[in-house]
Amino acid sequence: MSPSSPATAPAATAARPTRATRARVVIIGAGIVGCSLADELTARGWRDVTVLEQGPLPAPGGSTSHAPGLVFQTNPSKTMTEFAAYTVRKFGSLEVDGVPCFHPVGGLEVATTEARWADLHRKSGLAASWGVRGELLGPQECKKLWPMLDESVLHGGFHTPDDGLARALLACRAQMARAGARGARFLERHTVTGIERADGRVTGVVTDRGTFPADHVVSAAGFWGPVIGAMAGVQVPLLPLAHQYATTEPLPELAADNDPHGGPRRAWGSPRVWGSPRVSAAERGGAAERGGGVQSSGEEAGRPILRFQDRDLYFREHLDATGGRLGIGSYAHRPMPVDPFTVPAFDDAPVMPSSLPFTEQDFAPSWQDSIALLPALGASRVAEGFNGVFSFTPDGMPVLGESRELRGFWLAEAVWVTHSAGVARAVAEWMTDGRPTVDIHECDLHRFEDAQRSPAYIEDRGAQNFIEVYDVIHPLQPMEQPRPLRTSPFYARQQQLGAYFLEAGGWERPHWYEANAPLTEGLRLPERDAWSARYWSPIAAAEAAVTRERVALYDMTPLRRLEVTGPGALDFLQYMTTNQLNKKPGAVTYSLLLDEAGGIRSDLTVARLAPDRFQVGANSAADLDWLLRHASDGVRIRDITPGTCCIGVWGPLARDLVQPLTRDDFSHRAFGYFRAKRTHLGHVPVTALRLSYVGELGWEFYTTADLGLRLWDTLWEAGQRYGVIAAGRSAFDSLRLEKGYRAWGQDMTTEHNPYEAGVGFAVRPAKGDFLGRAALQGHSERTAVRRLTCLTLDDPAANVLGREPVYVAGDPAGYVTSAGYGYTLGRGIAYAWLPASAAVPGTAVHVEYFGQRIPATVAQEPLFDPEMARIRR
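Since this is a predicted model, take the numbers as computed values, not measurements.

Colleague: Even after reading the chapter, I still don't get the pattern of salt bridges, so can you show me in this structure?
Modeller: It is possible for side chains bearing opposite charge to pair when their charged atoms get close. Scanning all chains against the criterion turns up 43 salt bridges. Salt-bridge contacts for Glu 751 lead to Lys 78; the nearest nitrogen and oxygen are separated by 2.7 Å. With a gap of 673 residues between them, Glu 751 in the loop between helix 18 (729–739) and helix 19 (754–757) and Lys 78 in helix 3 (residues 78–92) connect regions that are remote in the sequence. The residue Arg 613 makes a salt bridge to Glu 563 at a minimum N-O spacing of 3.2 Å. Here Arg 613, found in strand 30 (residues 613–618), pairs with Glu 563, found in strand 27 (residues 560–565); they are 50 residues apart in sequence, far enough to count as distant. Take Glu 563: its relative accessible area is 15%, and that puts it in the buried class. One network of salt bridges, in which partners are shared, links Asp 39, Glu 40, Arg 44, Lys 90, Arg 178, Arg 182 and Glu 429.

Colleague: Would you take a moment to explain the layout of surface pockets for this structure?
Modeller: Once rolled over the atoms, a probe with the size of a water molecule shows which space is left empty. Quantified by volume, the second largest pocket comes out at close to 630 Å³. Glu 402, Trp 430, Gly 434, Trp 626 and Arg 629 are the residues nearest the centre of the second largest pocket, which is lined by 31 residues in total. Secondary-structure elements contributing two or more residues to the lining of the second largest pocket are strand 22 (399–402), helix 10 (420–433) and helix 15 (621–630). With 6 residues, helix 15 is the largest single contributor of residues to the lining of the second largest pocket. Tallied by class, residues from the lining of the second largest pocket come to 10 nonpolar, 8 polar and 13 charged.

Colleague: Can you help me understand the nonpolar core in this one?
Modeller: Soluble, globular proteins show a tendency: their nonpolar side chains are buried together. In this structure, Ile 27, Leu 41, Phe 83, Phe 91, Phe 186 and Leu 400 are the most contacted members of the largest nonpolar core, which totals 55 residues. Looking at this core, the element that brings in the most residues is helix 10, giving 8 residues. Setting aside chain neighbours within four positions, we find Ile 27 in contact with Gly 34, Leu 37, Ala 38, Leu 41, Val 49, Thr 50, Val 51, Leu 52, Val 218 and Ala 220. Counting residues in hydrophobic clusters, the runner-up holds 31 residues, among them Phe 212, Ala 214, Ile 228 and Leu 445.

Colleague: Teacher, can you tell me more about the confidence of the model for the chain here?
Modeller: For any part of a model where pLDDT is low, the fine detail of the predicted coordinates should not be relied upon. Averaged over the chain, the pLDDT score is 92; the fraction of residues at 70 or greater is 92%. For residues 260–298, every residue scores under 50 in pLDDT, and the model assigns this stretch 113 contacts once sequence neighbours within four places are set aside.

What counts as what
- Residues numbered from 1 in each chain as written.
- Predicted model: local features only at pLDDT ≥ 70, side-chain atom pairs only at ≥ 80, totals over all residues.
- Heavy atoms only, no water.
- Salt bridge = Lys/Arg side-chain N within 4 Å of Asp/Glu carboxyl O.
- Helix = DSSP H or I, 4+ residues; strand = E, 2+ residues; numbered from the N terminus.
- Buried < 20%, exposed > 50% of the residue type's maximum accessible area, 1.4 Å probe, protein only.
- 1 Å grid on protein atoms, 1.4 Å probe; cavity = no way out; pocket = protein on both sides within 12 Å on 5 of 7 lines; lining within 4 Å.
- Points joined across faces, edges and corners; volume = space filled by probe spheres on them.
- Nonpolar A, V, L, I, M, F, W, Y, C, P; charged D, E, K, R; others polar.
- Core = buried A, V, L, I, M, F, W, Y, C linked by side-chain atoms within 4.5 Å.
- Contact = heavy atoms within 4.5 Å.
- pLDDT = per-residue confidence, 0-100.

Laid out in structure tokens, this is it:
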């Protein structure tokens with residue numbers, strides 16, 4: 001079949017009206033992402049699409065050309081799971097000459113340790129949360145699926161019947177044909193040499209064979225992404241790394257396992273040949289033949305794809321007339337970074353650019369581990385192998401979105417075959433409709449802080465993500481290096497108090513202080529299981545109690561602070577946010593950033609410090625990007641986080657501590673809740689905001705970083721007579737949950753509107769137009785079909801941590817967002833998305849935690865101080 005011949009499959013998505021159907025799009029890279037994106041864009045009516053590829057089509061020699069095709073859908077990230085699920089559905093509907101592009105042989109992950117077996121129970125819960133079919137199996141059941149397994153070393157396994165093998169090159173061809181039939185063109189052997197631009201916008205792509213004008217350029221170049229990004233002046237934070245893949249000699253056991261009727265099944269072909277029937281025996285397992293070729297037709301591999309994550313291994317069959325061979329992929333070796341600027345061109349590469357020589361010494365331990373799991377391999381050997389190049393990022397997630405510095409230049413990078421079609425759909429929606437339907441904040445190009453963009457950081461974190469790709473990772477587990485990277489001015493004092501630091505956004509964040517250990521004497525807390533006890537200390541309970549009973553200092557420096565100034569600042573923020581900001585200076589307002597569809601992009605705390613000066617408490621670097629994109633003349637936006645710091649002083653004695661330090665009146669009448677004031681505490685000038693995220697009286701005090709240590713010492717010394725302590729993030733999160741305060745990114749995202757999320761009080765349609773207002777018309781709390789719902793765990797000793805499935809009447813109905821233990825209430829708290837019919841106080845539900853159904857009850861919120869008396873005293 002030629003790239004222009006028809007492929008069988010339904011349309012990628014139904015065509016819909018788009019913003020600019022005549023836009024000229026150039027996609028750089030005809031791997032699985034570029035081909036999928038061309039298909040998705042043309043299905044939406046954008047027909048002027050050109051895909052440029054430096055290698056030959058349909059096997060150009062990038063990561064797609066050697067990908068073994070494993071698709072496991074379940075991921076701790078809901079977004080990544082949805083990307084994978086769409087990829088399965090789409091590729092499952094595609095075929096070329098009767099050969100399917102996806103075969104649902106299923107997936108099997110096995111556990112040989114207690115820790116992994118527990119993690120598979122957790123993964124089973126994730127699958128239920130995200131709607132993926134799965135089942136935990138005992139050792140004998142695993143052996144029925146994979147007879148070569150030594151069941152004596154197994155604790156069990158997790159079987160996902162809808163996972164399977166994607167034939168990436170075939171899926172490329174099918175989508176090339178569909179997109180080509182709609183008007184797209186695919187040009188091979190066009191090497192990009194430059195990106196043209198004018199007035200901050202991309203205007204074209206320069207190649208060795210001519211220039212292509214463009215309104216939009218998408219870099220889908222895989223591990224060459226940094227090279228293309230450099231041409232555009234846009235950093236692409238990914239690290240190419242080599243990953244080992246080997247195949248065995250023919251294994252009679254595979255023929256026996258897959259031959260119920262007396263004859264071997266036909267093969268998918270060699271892992272790197274992708275079924276080209278013209279490849280010689282010497283080349284079998286090597287690169288696709290120049291010019292490509294269809295994988296061999298016939299039945300696919302019969303056994304599930306197998307993951308042995310305790311040893312960083314995976315396995316898949318490659319059946320042939322001899323019975324077949326086993327493909328083995330390993331992440332167990334040392335990180336092997338690859339400089340994308342030095343990768344040879346297709347014609348200069350010994351096999352293909354993404355295929356490097358196999359380093360046998362690196363694979364030797366993995367071969368022994370493979371034999372331990374599959375003893376029949378002891379009679380075989382590694383026949384051939386290669387080190388295949390693909391991409392890792394500092395946080396292991398893709399890099400998606402449009403550059404702000406060069407408008408019209410988009411990234412769709414660091415995407416594996418597993419998520420390729422889902423990513424392509426999201427980017428196509430983003431380009432044509434202005435937003436993806438799936439929340440992509442974890443993948444947003446602008447999520448990284450400046451401190452996370454250095455080449456050294458990208459290399460260190462990318463390599464560590466490679467090492468940990470199959471590790472059991474706790475939700476709170478931080479990277480170990482490079483640390484410390486960002487510290488508040490109070491860091492030295494926190495170290496003296498024995499702070500236990502975790503890390504987020506590069507910041508060292510105290511979670512509790514060992515100096516408070518004596519306060520745990522006499523506390524009665526339920527015993528925790530091993531998982532929930534990690535990165536936790538009973539000290540957090542003591543710190544929460546002191547906050548409720550006396551006063552505590554919290555380091556709030558890592559929270560993002562923006563300064564918005566200028567004659568147009570008020571009008572700008574009025575349009576960008578949902579609440580009424582046209583108040584006198586000194587007012588503080590909780591508000592929301594929405595997208596055009598009314599989804600919650602972020603929540604903000606906006607303090608009007610002067611008629612044309614606002615301080616905005618935001619969540620992420622993407623918030624800054626969103627505001628800068630929309631800023632007009634007369635508006636200046638500056639990130640002041642690095643040069644400032646913040647201490648939260650909260651507790652019933654907060655006023656007693658603070659008032660003697662200032663000549664200003666801090667009484668409730670003079671300094672009310674949600675008010676701001678410039679003042680001095682001792683010798684330190686501060687901006688004081690009367691806010692509380694813990695449900696107690698108090699203030700946030702901001703000053704410049706050079707005065708931060710003096711501010712800490714001033715408050716610490718003044719607080720000694722009141723029993724002040726320093727308290728950490730662990731206590732903070734518990735107190736937040738007791739008050740029902742939302743955490744954007746966990747509890748609510750662009751997939752939710754304010755009324756569903758319980759923050760409709762921050763929406764003021766009567767104030768006039770604002771971004772997202774039109775989309776909210778007709779919506780209210782009464783019309784919500786799902787709700788962010790407060791649950792309390794019936795058993796006071798029970799704990800959950802987040803992302804667990806919630807069952808109503810025995811059926812999975814939702815999932816947990818934030819969770820923790822409410823020390824004031826003496827029981828676990830969880831917030832979960834549930835159907836509105838189930839989000840009724842008193843409704844009995846169950847939360848699945850490591851395979852156990854924990855009874856819980858829908859509760860009226862807030863659980864603590866619903867009258868707000870403690871905050872407003």
